[in-house]
Amino acid sequence: MTARMEQRFADVAAEGRPVLVTYFMGGDPDFDTSLAIMKALPKAGADVIELGVPFSDPMADGPAIQLAGQRALKGGQTLAKTLELARLFREGDKRTPIVLMGYYNPIYIYGVDRFLDDALKAGVDGLIVVDLPPEMDDELCIPALAKGISFIRLATPTTDDRRLPKVLENTSGFVYYVSMNGITGSALPDPSLIAGAVARIKAHTRLPVCVGFGVKTADHARVIGASADGVVVGTAIVNQIASSLTEEGRATDATVPGVEALVRGLAAGVRASRLAAAE
Amino acid sequence: MNQSPKLNSFRSGPDEDGRFGVFGGRFVAETLMPLILDLQDEWNEAKNDPAFKAELEKLGAHYIGRPSPLYFAERLTAELGGAKIYFKREELNHTGSHKINNCIGQILLARRMGKTRIIAETGAGQHGVASATVAARFGLPCVVYMGATDVERQAPNVFRMKLLGAEVKPVTAGNGTLKDAMNEALRDWVTNVESTYYLIGTAAGPHPYPEMVRDFQAVIGQEAKQQILEAEGRLPDLVIAAVGGGSNAIGIFHPFLDDESVKIVGVEAGGKGLDGDEHCASITAGSPGVLHGNRTYLLQDGDGQIKEGHSISAGLDYPGIGPEHAWLNDIGRVEYVPILDHEALEAFQTLTRLEGIIPALEPSHALAEVIKRAPKMGKDEIILMNLSGRGDKDIFTVGKILGMGQ
């Protein structure tokens, strides 16, 4: 695990609140706007940034993130340019962890070793690659860990106690609990089920557990943050970006401020969550 | 541990991780992994269960109409003046193509697993029709994902699926063809994983699908081998089949892979030519990558983004190919060649006029390759071609191109 990731989770835990993890799609709707969004996230209260890598066939994503990926690809975004986004962000922010999130094929085509070297140079701390389960760890997970990049794994409601140890074996950074079976952008399930699931995972690992899929409002963030070490928000941010664009899909003056306002609200939500739990 | 297929056989793959050489594997979201492992266990049990085999054979004989005939195409052979041409007539199966072989097998598995809902993807609609058919036969609800473009160009099959009680969901993402339908089916599966069985139509996707679909389709080659031995007293010199995802091809190829004297050729959709992007020749014009659960040859750009393919035939319109074909290509056991849209269309007309058989546009690609090769072969040589589907679904598309009017 990178020192940066470990430090950030430790610092936030010391504040007695969960981590706010924010996802957006690199290059949506264009390179410059998404760089401005990325820079705005920590200022608005995000603790960890998940930087989406667009892919033509995002099998595990709902319509919102699919469309964001299509906008980014149309705008000329590539894996190389997504690494460049990370690098430019890192020049001005040495402390916020960056996790690249996407699918394996663009990385495979880029070349695994070259990708890992370039990701390290760009200041990337972790990877979430949706279509690489533990059975495929030799492809990217093991080489990434060897170079000091975290490989963050998704656990889901179908990941039962029999399977959890295998899923957690090579996971580092944090565990991303997908709170439901489904694609990104689906509705939020019962919070008490989430608390139970977080407890189940924590019985198997000392890593922080962040919960995502379905978190849209400050209130959701507050409720989930009561039991999880971190709250992941993705689709809500992507939708906020989409709603600010022109009909042709171009950025407007409202694009970056809209994201900032949303994330500020979510940040207030996670900051209120442990207070809520203590009540 | 990784276990390589036995070196003295081309038929022992995949290894226990689902790999054919470097191809295949299980590249899926974690949500699906437990289910895929369950499916594998169920499949391992079923394939060694005599009761499962007996039920499959019974339904094959009385529901599908197996064995399908082996037909000597006398007039086509005389016209081309070379090798003797035999067709394995999978187009005579119930529902009109080889797709039903796999669907019957998989729905029996779904039932064993206690699944209560079937989903499928379809391109030409043949697999959708076969899925809707077996779902009706076993009383299970069925949702078929189909690209919006394909819904339009394969209207008769859409109607058939609806009559059979399936819900057809048009997919507008991307170009609205098979790849997009498969993405959407995977999304449905991830969401409804507890209740739902994903009935994949081709020998691709995450392990164990490529192996399982192949084994259900291998009945084609097993029968054909026996039939040609009865008819000619020897094996064919050449076996040919069209390849989209590749299930009809692997079905007829697999039983012949270890017969050294048999040359094997897979025919890809060359579309409007390999120079541009309007083709679906994943092996002859693509490169290895990872999509839809497996590593295989794909049509993609330098950033690893998957391209939309093109073919006159909706059933070949897929930018990938089953992983076993990718491996058979790399080790040189099977030769893969492209056939262009217009060549397939000419072959379609030739067969219709000479033999009174209207083939689907998919096997018309294989037929075009037969037409190229047969005249160069001796009269004592034998070609076996998989006539994998009938052309009823294509007559409007072809009529429109030929300007035949209504």
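Predicted model, so just to flag it, every value in this text is computed and none were measured. (Residues numbered from 1 in each chain as written. Chains lettered and ligands numbered in written order. Predicted model: local features only at pLDDT ≥ 70, side-chain atom pairs only at ≥ 80, totals over all residues. Heavy atoms only, no water.)

(A) Layout of the sheet that holds strand β12 (residues 293-298) of chain B. All names here are of chain B. Judged by pairing direction, the sheet is antiparallel, and its four strands sit side by side in the order β1-β2-β12-β11 without closing on themselves. The two strands at the open ends of the sheet, each matched to only one other strand, are β1 (19-20) and β11 (287-291). With five bridges joining them, β11 and β12 adopt antiparallel strand pairing. Directly across from Gly 289, in β12, lies its bridge partner Thr 296. (Pairing = 2+ DSSP bridges. Helix = DSSP H or I, 4+ residues; strand = E, 2+ residues; numbered from the N terminus.)

(B) Just the interface of chain B and chain A, in detail. Taken residue by residue, the interface counts 37 residues in chain B and 36 residues in chain A. Summed over both sides, the interface of chain B with chain A buries roughly 2,800 Å², with 52% coming from carbon and sulfur. On the chain B side of the interface with chain A, the three residues burying the most area are Glu 30, Arg 187 and Asp 303 of chain B, jointly 23% of the side's total. Put simply, chain B and chain A have four salt bridges between them. The salt bridge partner of Asp 57 of chain A is Lys 179 of chain B, with a shortest N-O separation of 2.8 Å. For the pair chain B and chain A, the number of links is 16 residue pairs in polar contact (both at pLDDT 80 or more). (Contact = heavy atoms within 4.5 Å. Buried area = accessible area lost by both parts, 1.4 Å probe. Salt bridge = Lys/Arg side-chain N within 4 Å of Asp/Glu carboxyl O. Polar contact = N/O pair within 3.5 Å; in protein donor to acceptor, adjacent residues only side chain to side chain.)

(C) Looking closely at the pairing of strand β4 (residues 84-89) of chain B. Residue and element names in this part refer to chain B. Of all six residues making up β4, five are buried, and the element is well covered by its neighbours. Where strand β3 (residues 70-72) lies against β4, three bridges are found, and the strand directions are antiparallel. Residue pairing for β4: Phe 72 is matched across the bridge by Tyr 86. The pairing of β4 with strand β14 (residues 382-387) spans six bridges and is parallel. By the bridge assignment, Arg 89 is partnered in β14 with Leu 387. (Buried < 20%, exposed > 50% of the residue type's maximum accessible area, 1.4 Å probe, protein only.)

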